[in-house]
Amino acid sequence: MSNNVFLLMLHKDSEHVRCLINLLSSNSDVFIHVDKKCDKALDALMNWCKINDFKHNVIFIKERIPVYWAHSSQLLATLNLIKEARKFKSYDYFTFLSGECFPIRRLEEYDNFLRKSNGTNFLAYSDASKFHKRITMHHWGMKIGLYKSSVLVRKLFFVSSLFTNLIVKRQGPLQKMKFYKGSSWFTLHRNFIDHVIESSNNTELMRSIEYTSCVDEIFFHTLLKNSSYKDKLLENNLRFIRWSNKSNSPRRLNISDLDCFGTAFFARKLDVCDGSELSNKILSIHK
């Protein structure tokens with residue numbers, strides 16, 4: 001068995017989430033951050049865990065924060081998960097998943113793969129140089145409920161950000177790096193994770209991520225590509241994700257995606273408890 005830990009970011013309780021926790025904990029320890037705005041979900045999940053026996057540890061971290069779409073709270077919650085897991089045990093790999101992910105290959109295969117990976121980091125990334133101005137801007141309004149759902153609201157705040165940027169130029173440590181971006185879901189080795197935590201103790205660096213839009217989709221990628229660990233990086237986060245042409249979010253997967261999974265180990269977004277043909281196919285893998 002590989003020395004891997006699963007980091008799970010949740011904002012709700014569901015049958016799918018419970019099935020996911022059950023499966024992951026049959027193989028490795030699981031650390032969970034539940035959005036601080038979702039206390040009812042936390043209570044329900046904790047009560048469910050109390051009446052279930054898991055092969056490995058299932059730990060709800062206490063350092064919870066309210067999480068908002070595109071906001072730096074996404075990154076801060078991820079860092080809290082990493083920090084709690086590092087304090088608990090010296091894991092070799094850290095696998096970050098959402099409550100809408102699910103393994104699409106047997107976890108034993110994943111273990112074998114990580115054992116042979118020799119410290120490689122798995123992260124989807126691309127050059128983000130053309131977004132330099134957008135990344136270095138102050139972005140406002142991300143905690144407002146309509147920010148995610150309304151293009152108009154985002155555009156209005158973007159205009160205000162343009163005016164702010166004329167007056168205030170950000171030149172923090174992050175802004176001085178060459179930018180890279182990609183999916184926020186990752187599988188990272190402890191050597192780079194140690195570098196991430198050391199970097200997160202830099203007050204000036206963490207101050208420079210405030211008011212940065214979607215910073216969770218550039219932070220790990222930029223740090224890794226600007227570090228000595230860039231030679232231990234594979235441009236693949238081992239996830240299958242289909243993006244919608246009509247929104248800023250991945251679309252729900254269906255049976256037509258099954259033949260496209262390729263070598264991925266995880267997929268999102270899906271609900272394996274919805275009774276669909278795709279869900280039944282995936283669940284049959286783990287029997």
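Draft legend 1. Region of the structure containing the overall build of the protein. The helix and strand tally for the protein stands at 11 helices and 12 strands. Scaling as 2.2 N^0.38, a compact globule of 287 residues should have a C-alpha radius of gyration of about 19 Å, and the protein matches this with 19 Å. Along the first, second and third principal axes, the C-alpha set of the protein runs to 60 × 40 × 40 Å. Counting across all 287 residues of the protein, residues that qualify as buried make up 52%. Counting contacts in the protein only where the partners sit at least 6 residues apart, residues at least 24 apart contribute 80% of the total. Accessible area for the protein stands at about 14,100 Å²; split by element, carbon and sulfur atoms hold 51% of it.

Draft legend 2. Representation of the environment of Lys 130 within the structure. With respect to the helices, strands and loops of the structure, Lys 130 is situated in the loop between strand S7 (126-127) and helix H5 (132-136). By relative accessible area, which is 73% here, Lys 130 ends up exposed. Spatially, the C-alpha atoms of Lys 130 and Phe 179 are 9.0 Å apart, while their sequence positions differ by 49 residues.

Draft legend 3. How the structure looks around the layout of surface pockets. Within this model, the second largest pocket holds a volume of roughly 190 Å³. Elements supplying a minimum of two residues to the lining of the second largest pocket: helix H3 (73-88) and helix H9 (203-207). No other element matches the 3 residues that H3 contributes to the lining of the second largest pocket. In terms of residue class, the lining of the second largest pocket is made up of 5 nonpolar, 3 polar and 3 charged.

Draft legend 4. Seen up close, the packing of helix H1 (residues 15-25) against helix H2 (residues 39-50). With their axes 12 Å apart at the nearest point, H1 and H2 run at an angle of 45° to one another. By the criterion of interaxial angle, the relationship of H1 to H2 is oblique. At the point where H1 passes H2, the crossing takes the right-handed sense. Along the contact surface, H1 presents Val 17, Arg 18, Ile 21 and Asn 22, while H2 presents Ala 44, Leu 45 and Trp 48. For the contact of H1 with H2, the class distribution of residues is 5 nonpolar, 1 polar and 1 charged.

Draft legend 5. Region of the structure containing the state of the cysteines. Using the criterion set out here, one finds 0 disulfides in the structure. No disulfide involves Cys 49; its nearest neighbouring cysteine sulfur is the one of Cys 19, lying 13 Å away. Of the cysteine sulfurs around Cys 214, a residue in no disulfide, the closest is that of Cys 101, at 17 Å. Residue class for Cys 214 comes out partly exposed when judged on its relative accessible area of 22%.

Draft legend 6. Fine view of the pattern of salt bridges. With the rule as written, the count across this model stands at 14 salt bridges. Across the pair Glu 100 and Lys 269 runs a salt bridge whose closest N-O atoms are separated by 3.8 Å. Taken together, the positions of Glu 100 in the loop between strand S4 (93-98) and strand S5 (101-103) and Lys 269 in the loop between strand S12 (266-268) and helix H11 (277-285) put the pair 169 residues apart, joining distant regions of the chain. Looking at Lys 269, the relative accessible area reads 14%, which means it is buried. For the salt bridge of Arg 106 with Glu 108, the shortest nitrogen-to-oxygen distance reads 3.5 Å. Look at Arg 106 and you get partly exposed, because its relative accessible area is 31%. A relative accessible area of 43% means that Glu 108 is categorised as partly exposed. Linked through salt bridges whose partners overlap, the residues forming this network are Glu 100, Arg 252, Arg 268 and Lys 269.

Draft legend 7. Spatial organisation of the environment of Trp 243. Among the secondary structure elements, Trp 243 is positioned in the loop between strand S11 (239-241) and S12. Take Trp 243: its relative accessible area is 49%, and that puts it in the partly exposed class.

Draft legend 8. Examining the packing of H3 against helix H8 (residues 190-200) more closely. Remark: H3 packs on H8, axes separated minimally by 11 Å, with the N-to-C direction vectors making an angle of 115°. At the point where H3 passes H8, the crossing takes the left-handed sense. Facing Leu 79, Ile 82, Lys 83 and Arg 86 of H3, the residues of H8 in contact are Ile 193, Asp 194, Val 196, Ile 197 and Ser 200. Across the contact of H3 with H8, the residue classes tally to 5 nonpolar, 1 polar and 3 charged.

Criteria and thresholds
- Residues numbered from 1 in each chain as written.
- Predicted model: local features only at pLDDT ≥ 70, side-chain atom pairs only at ≥ 80, totals over all residues.
- Heavy atoms only, no water.
- Helix = DSSP H or I, 4+ residues; strand = E, 2+ residues; numbered from the N terminus.
- Rg over C-alpha atoms; globule rule 2.2 N^0.38 Å.
- Buried < 20%, exposed > 50% of the residue type's maximum accessible area, 1.4 Å probe, protein only.
- Contact = heavy atoms within 4.5 Å.
- Areas by Shrake-Rupley, 256 points an atom, 1.4 Å probe, with all protein chains shown as cover.
- 1 Å grid on protein atoms, 1.4 Å probe; cavity = no way out; pocket = protein on both sides within 12 Å on 5 of 7 lines; lining within 4 Å.
- Points joined across faces, edges and corners; volume = space filled by probe spheres on them.
- Nonpolar A, V, L, I, M, F, W, Y, C, P; charged D, E, K, R; others polar.
- Axes fitted to C-alpha atoms, helices over the stretch in contact; angles between N-to-C directions.
- Parallel < 35°, antiparallel > 145°, perpendicular 65-115°, else oblique.
- Left-handed = near helix turned anticlockwise from the far one by under 90°.
- Disulfide = S-S within 2.5 Å.
- Salt bridge = Lys/Arg side-chain N within 4 Å of Asp/Glu carboxyl O.

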